[in-house]
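Read off the chains here:
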Amino acid sequence: MVREAVKEDLDELLHLYLFLHEKDIPEQSQHLQNVWNEIISDKNHHIIVNVVDGRIVSSCVCVIIPNLTRNVRPYAFVENVVTHLECKGKGYATECLNYAREIAKNQNCYKMMLLTCSKEQKTLNFYENAGYNSADKTAFIQWL
């Protein structure tokens, strides 16, 4: 079942992020709770989870960004696409991305953007099959 994350999903989501690029789960702190509360209460910040047999197996984040161009239409940014290692290849991440696309459509977004650090052709093909392309724009990153 694909749905938006709720407050009680934090711990399970942090464990899932170990399959993304995280090495450790953040220490429980007031800062972590404050950030989580800010995310969960932000109407433009959507953490999408796919739950199978009562556990979160895949997730992505979709942020709707208000915009003054394109007839004052927002755009969506997708990040942190992750699937539990044991569940890869079963379509769970695709279902999360499709849910994100519906959110973006419902918010009248004119585009969706996604960045990946992966250079693996299998991963790039996955995103292309999900409707994304790498030909229209060039991404630049400045790490801070």
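Along each chain, numbering runs from 1 in the same order as the chain's sequence is written. In view of the model being predicted, local features appear only for residues whose pLDDT reaches at least 70, and side-chain atom pairs are presented and counted only at 80 or more, with totals across whole chains, interfaces and linings using the full set of residues. Side-chain metrics rest on all non-hydrogen atoms present in the structure, leaving aside hydrogens and water.

What about the pattern of salt bridges?
Alright, step 1. Here a salt bridge means any side-chain nitrogen of Lys or Arg lying within 4 Å of a carboxyl oxygen belonging to Asp or Glu. This structure, assessed with the given rule, holds three salt bridges.
Alright, step 2. Between arginine 3 and aspartate 9 there is a salt bridge; the shortest N-O distance is 2.7 Å.
Alright, step 3. Here lysine 105 makes a salt bridge to glutamate 102, at a shortest N to O gap of 3.8 Å. Of this pair, lysine 105 and glutamate 102 both sit in helix H3 (residues 92–106), separated by three residues, roughly a single helical turn. Numbering of helices and strands runs from the N terminus, with a helix taken as a DSSP run of H or I at least four residues long and a strand as a DSSP run of E at least two residues long.

Focus: unusual backbone geometry
Alright, step 1. Of note in this structure, aspartate 53 is not a glycine but carries a positive phi near 50°.
Alright, step 2. With respect to the helices, strands and loops of the structure, aspartate 53 is situated in the loop between strand E2 (45–52) and strand E3 (55–65).
Alright, step 3. For valine 72, which is not a glycine, the phi torsion comes out positive at approximately 60°.

Quick look at a nonpolar patch on the surface
Alright, step 1. Patch rule: a residue counts if its relative accessible area is over 30% and it has no salt bridge; like charges are joined within 9 Å, and nonpolar side chains (Val, Leu, Ile, Met, Phe, Trp, Tyr) within 5 Å. Residue-level accessible areas treat just the shown protein chains as cover; the underlying method is Shrake-Rupley with a 1.4 Å probe. There is a patch of nonpolar side chains on the surface, built from Leu18, Phe19 and Leu85 and spanning about 260 Å² of accessible area.
Alright, step 2. Each residue is assigned to one of three classes by its accessible area relative to the maximum for its type, calculated with a 1.4 Å probe on protein chains only: buried under 20%, partly exposed between the two thresholds, exposed over 50%. According to the relative accessible area criterion, leucine 85 is exposed, its value standing at 57%.

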